[in-house]
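An overview of the molecular structure
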Amino acid sequence: MNGKLIITRHIISLAVIVILIGQACTFSLFSPPTLVPNTPAPWENVPTSTPYPVAQTTFIVTLPEVLQPGESIHLLILDEVTGLSLNVQQYPMTARDTLTYVATLPLPYNSVVKYRYLRTGPSQVFEDTSLGTAIRYRLRVVNGPAEVNDIIADWGDKNYGRATGSILGQVFNGDTNLPVPNILVSAGGVQQITDSLGRFELNGLPNGTHQLVAYSMDGLHVPFQQGAVVEAGKQTIVDLRIKPTRLVSVTFVVAVPSNTTIGVPVRIAGNILQLGNTFADLSGGINTVADRMPIMQLQPDGRYAVTLGLPAGTHIQYKYTLGDGFWNAEHQANGGWVLRDFIVPENDITIQDDVATWFATENSGAILFETSVPSITPPGDIVYIQFKTFSWLEPIPMWPLGNNRWGYKLYSPLNFLGNFSYRYCRNGQCGSADDNQTVGINPNGRNASTSFLGQDIQDNVNSWKWFENPEPISLVGSSITARASGFVAGVEYQSTFRPNFSYFAPQSFANTKAIGSNLAVFTPSWTFTSISPLRFTTSPGDDPLWIDTAIMMSQAKAAGLNVSIFPTPRFPPTTDSAHSASTSFWLNAPRDAAWWQTWFTRYRAFAVNYADLANQTGAQSLILGGDWVAPALPNGTLLNGQPSNVPADAEAQWKAIIQDVRSRFRGQVFWAMPYTKSNIETPVSFLKDVDGVYLLWSAKLAESPTATKADFANEAGRLLDNEVAPLVNLLGKPIILAVSYPSATGAASGCVSSGTGTCIDFAYLSQPFTDNSSVSLNLQTQADIYEAMLIAVNARSWISGFVSRGYFMPVVLQDKSTSIHGKPAADILWYWYPRLLGTVP
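Residues numbered from 1 in each chain as written. Predicted model: local features only at pLDDT ≥ 70, side-chain atom pairs only at ≥ 80, totals over all residues. Heavy atoms only, no water.

**Details of the nonpolar core**
- Among the nonpolar cores identified, the biggest contains 200 residues, and Phe252, Phe369, Trp599, Trp654 and Trp697 are the most heavily contacted of them.
- If you tally residues by element for this core, the top one is helix α5 (residues 593–617), at 12 residues.
- Setting aside residues up to four positions removed in sequence, Phe252 forms contacts with Ile268, Met296, Tyr304, Ala305, Val306, Leu308, Leu310, Tyr318, Tyr320, Phe342 and Ile351. (Core = buried A, V, L, I, M, F, W, Y, C linked by side-chain atoms within 4.5 Å. Buried < 20%, exposed > 50% of the residue type's maximum accessible area, 1.4 Å probe, protein only. Helix = DSSP H or I, 4+ residues; strand = E, 2+ residues; numbered from the N terminus. Contact = heavy atoms within 4.5 Å.)

**Some points on empty space enclosed by the protein**
- As enumerated under the stated definition, the model contains 7 cavities of 30 Å³ or more in all.
- Size it by volume and the largest cavity reaches roughly 160 Å³.
- Considering the residues around the largest cavity, the lining is formed by 16 residues, among which Gln494, Phe497, Thr523, Met552 and Met809 are closest to the centre.
- For the lining of the largest cavity, the residue count by class is 11 nonpolar, 5 polar and no charged. (1 Å grid on protein atoms, 1.4 Å probe; cavity = no way out; pocket = protein on both sides within 12 Å on 5 of 7 lines; lining within 4 Å. Points joined across faces, edges and corners; volume = space filled by probe spheres on them. Nonpolar A, V, L, I, M, F, W, Y, C, P; charged D, E, K, R; others polar.)

**Focus: helix α2 (residues 501–514)**
- In a regular helix each residue adds 1.5 Å, so 14 residues correspond to 20 Å; α2 covers 20 Å between its end C-alpha atoms and thus fits that length.
- The largest bend in α2 comes to about 30°, at Gln507.
- Where α2 is concerned, the buried positions are Phe501, Ser502, Tyr503, Phe504, Ala505, Ser508, Phe509 and Thr512. (Expected span 1.5 Å × (residues − 1). Bend = angle between axes of the 7 residues up to and from the residue.)

**Thoughts on the packing of α2 against helix α3 (residues 546–558)**
- Where α2 contacts α3, the axes come no closer than 9 Å and their chain directions differ by 25°. Our classification of the angle between α2 and α3 gives roughly parallel. Seen from above, α2 lies across α3 with right-handed handedness. Across the interface between the two elements, Ser502, Ala505, Pro506 and Phe509 from α2 touch Met552, Gln555 and Ala556 from α3.
- For the contact of α2 with α3, the class distribution of residues is 5 nonpolar, 2 polar and no charged. (Axes fitted to C-alpha atoms, helices over the stretch in contact; angles between N-to-C directions. Parallel < 35°, antiparallel > 145°, perpendicular 65-115°, else oblique. Left-handed = near helix turned anticlockwise from the far one by under 90°.)

**Topic: the sheet that holds strand β19 (residues 267–270)**
- Read from one edge of the open sheet, 3 strands run β19-β22-β23, paired in antiparallel fashion. Pairing within the sheet leaves two strands with one partner each, and these edge strands are β19 and β23 (340–343). Neighbour-to-neighbour, the strand axes of the sheet open up by a mean angle of 40°, direction not taken into account. (Pairing = 2+ DSSP bridges.)

**A look at the packing of aromatic side chains**
- With the rule as written, the count across this model stands at 59 aromatic pairs.
- Ring geometry for Trp526 versus Tyr610: centroids 6.4 Å apart, planes at 55°, classification tilted. Taken as a pair, Trp526 in the loop between β34 (519–522) and β35 (527–530) and Tyr610 in helix α5 lie far apart in primary sequence, 84 residues in all.
- On the accessibility criterion, Tyr610 (3% relative accessible area) is buried.
- Ring geometry for Trp599 versus Phe600: centroids 5.0 Å apart, planes at 90°, classification edge-to-face. Each member of the pair Trp599 and Phe600 is classed as buried.
- It is Arg426 that lies over the ring of Phe467; its NZ or CZ is 4.9 Å from the centre. (Phe/Tyr/Trp six-rings, centres within 6.5 Å; stacked < 30°, edge-to-face > 60°. Lys NZ or Arg CZ within 6 Å of the ring centre and 35° of its normal.)

**Notes on the sheet that holds strand β9 (residues 146–151)**
- Judged by pairing direction, the sheet is mixed, and its 4 strands sit side by side in the order β4-β5-β1-β9 without closing on themselves. At either end of the open sheet lies a strand with only one pairing partner, and these are β4 (94–97) and β9. Each strand axis lies, on average, 35° off the axis of its neighbour in the sheet, ignoring direction.

**Examining the state of the cysteines**
- Scanning all chains against the criterion turns up 2 disulfides.
- In this model, Cys425 is linked to Cys430 through a disulfide, with the two sulfur atoms separated by 2.0 Å. Of note, the bridge from Cys425 to Cys430 carries an S-S torsion of about -70° and is left-handed in sense. In this structure, Cys425 and Cys430 share a single accessibility class: buried.
- The disulfide partner of Cys751 is Cys759, and the gap between their sulfur atoms is 1.8 Å. Across the S-S bond linking Cys751 and Cys759, the dihedral sits near -100°, which makes this disulfide left-handed. (Disulfide = S-S within 2.5 Å.)

**Concerning helix α9 (residues 779–794)**
- Between the first and last C-alpha of α9 there are 23 Å, a value that for 16 residues agrees with the 22 Å anticipated at 1.5 Å per step.
- The element α9 is extensively covered by neighbouring structure, given that 14 of its 16 residues are classed as buried.
- Between the side-chain oxygen at the start of α9 and the backbone nitrogen of Gln780 there is a gap of 3.3 Å, and the oxygen is on Asn778. (Polar contact = N/O pair within 3.5 Å; in protein donor to acceptor, adjacent residues only side chain to side chain.)

**Comments concerning the packing of α9 against helix α10 (residues 824–837)**
- It is the contact of α9 with α10, at a shortest axis distance of 8 Å, that shows an interaxial angle of 15°. As the angle between them shows, α9 and α10 are arranged roughly parallel. Every pair of crossing elements has a handedness; the one defined by α9 and α10 is right-handed. Along the contact surface, α9 presents Leu779, Gln782, Ala783, Tyr786, Glu787, Leu790, Ile791 and Asn794, while α10 presents Pro824, Ala825, Ile828, Leu829, Trp832 and Leu836.
- For the contact of α9 with α10, a count of residues per class yields 11 nonpolar, 2 polar and 1 charged.

**Focus: unusual backbone geometry**
- Across the junction of Ser412 and Pro413, the peptide omega takes the value -10°, indicating a cis bond.
- Here Pro413 is to be found in the loop between β29 (405–410) and β30 (419–426).
- A cis amide bond, omega 5°, links Gln767 with the succeeding residue Pro768.
- The residue Pro768 is located in the loop between β41 (735–739) and α9 in this model.

**Some points on the side chain of Asp150**
- Position of Asp150 among the secondary structure elements: in strand β9.
- The buried category is assigned to Asp150, whose relative accessible area is 4%.
- Within polar-contact distance, the side chain of Asp150 engages the side chain of Gln211 at 3.3 Å.
- Here Asp150 is in contact with Phe59, Ile60, Val61, Thr62, Tyr115, Tyr117, Arg138 and Gln211, once residues within four sequence places are set aside.

**Here's the deal with the pattern of salt bridges**
- Evaluation of the coordinates by the stated rule reveals 37 salt bridges.
- Here Arg303 ties to Asp301 by a salt bridge, and the two come within 2.9 Å at their closest N and O atoms.
- Take Arg303: its relative accessible area is 14%, and that puts it in the buried class.
- Given a relative accessible area of 41%, Asp301 falls into the partly exposed group.
- The salt bridge involving Glu330 is made with Arg340; its shortest N-O contact spans 2.8 Å. Of this pair, Glu330 sits in the loop between β22 (315–321) and β23 while Arg340 sits in strand β23, and the two are 10 residues apart along the sequence. Per residue, the accessibility class of Glu330 equals that of Arg340, and both read buried. (Salt bridge = Lys/Arg side-chain N within 4 Å of Asp/Glu carboxyl O.)

Here's what the structure looks like:
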């Protein structure tokens, strides 16, 4: 009960993001909107916030080796609102001895400081971990005057191979003693986010005492800090108890410069999840996303205001912006960056601020970008603009002007004076849903130049990539038998994730419901960030945080959908398009006894984490396994046929994992396995411990390229009757067909040619992978396969469900991927799903 209350509280506190940012409107850049008269604002005479007292904090760092002549050490105080690499305060450190350096800074009481160390000389080199991974930042909670002792493990250009140890532990709620997920735990610059049991593991720490910090990314728990002693080759075990905070109402009121276009959205960018921080390294060094920031409301007096529920005692860093934390953010009168500090008090409060200027320099005027877009642009889409200076940064939502026109006025930072690039895309998916003039992950883009005078750039988007000429489809009526209650007609979302996906999730759920689905299958991920030593955990920016998935599941249920979780790992990328990333992972893994034991421990934690999430969010089912897991099954083999050396007790390991999951989740547990003849004929014995099979179906349906839809249906029926039906009879359990076919020529043959004599893995046809020009787009083939499969299912009452896999959530694309979002195959489902479910006669 208490666990459910914790999750619900997180969902409520963060749902404000979804509520506030979903308020798009159409206005003119040249005429002010009509304001409704209102009573005087209650904050008219409220003073602005005042500076906080500071504590003298001495940072003492021990180096791994003596510096070379001409080298020095600097302490970097970082700004995650603007961007960790974009607004750095650099402080030189003084040598205490040849290996120890010191710097003393005044830091605000109760603040949480993010910092790291830099070695300067012939080149600038950041510290990294002993495992060779970058240090995003270290954390310090400023409770009063103190000394902070740090140890640098390695520099980015060196590897010292020193002895290391680990810190393992759990984080608990100090009031309820329940474990707390989604807490960022850090020591020595090594970070990990806790799972559902509050567990974390920080490896590769050099000998000595490290600051151990547990930080709540949403501020709903008070930061915890203590020293932790690490010894070589040993594990330091700790239990941390953090106190929950309570929410208070904070009203932000801001006066903006008179040259601000009236009515444009003003956002608040900040350092916690509720204010757009993703705790991830995004494009171009950005860490915040405009789509996740609260939008302020224009008031009758011309100021902007918003009231948020924020956690008492939390250190908030924030700024006002017309874009994100970098583009079009407020600046000081002299052009310097603004980063405001604020400790949330115990009582409700109103804060009044003034934006001095949106400009970073007086030497460059604002640039107004206006573009018209094709009339076939889906009406719910938002056009984004993306800028490139040193690299492409995160895209920014433009302002709707009506009549398929969009605008955006760029004020800052334009102090680089010179040429830069920009481009347009749909729903923030630059690199996938592009203007056809600037396609791909790293195009040249359109060109613009800064100027002393303001500019008005007029553009036209003539067509969108993957949405040039949406193809209609002619539906053929069929006699469809309505299934009994419990039949599943679902959509499985693609496991690729970016933080701005969540903004478009509600529309995806509405679309999923509109085609008649009754089930939404989520595929949240953790990432294998290293094969050996094996590291498997949440990677912010690539994997949804616990709260991201919880909120999206809540939204799907509100749309009338049942929900299921299919946890899906992410693997290190590979350049071999003929093999999946998971295949390369297994081939490169050591797969000795110790490695396998670690692997099963990590996968068990992964499964239990999502069993807990499924339980606390009211999921209907949880799906384990997948098409990547074969080497870990009893008598497992690699793709090349070699034994995987999986332990002899693999059967017992899997049975124990399923038992653990069942002890934490009361819904149905399915096992996902790919349709292959060997899987069907010799199923693993632990299938009797699950409630059903989620059969991953991309079966070959035709040899001939001239095969018809009827041929596809006949072959599907033959395979189902001859190979799948015996498995159903053997197990006595339901089977759901989870179907995945790309909209590409050759999809029905089971081999889409890569152009190099091999078959391309279907995953490489998905966004945001680079398009393979050797593959031919064929939307009709995908639609025909779907209809053929549904005809086969309609004739076989023993099939318990049908799910379309690979739905790309954020935007409609008629690309070559397995996604049906906005494709003719979706129209097929729109016709079939309601009739199979009996909601349409």
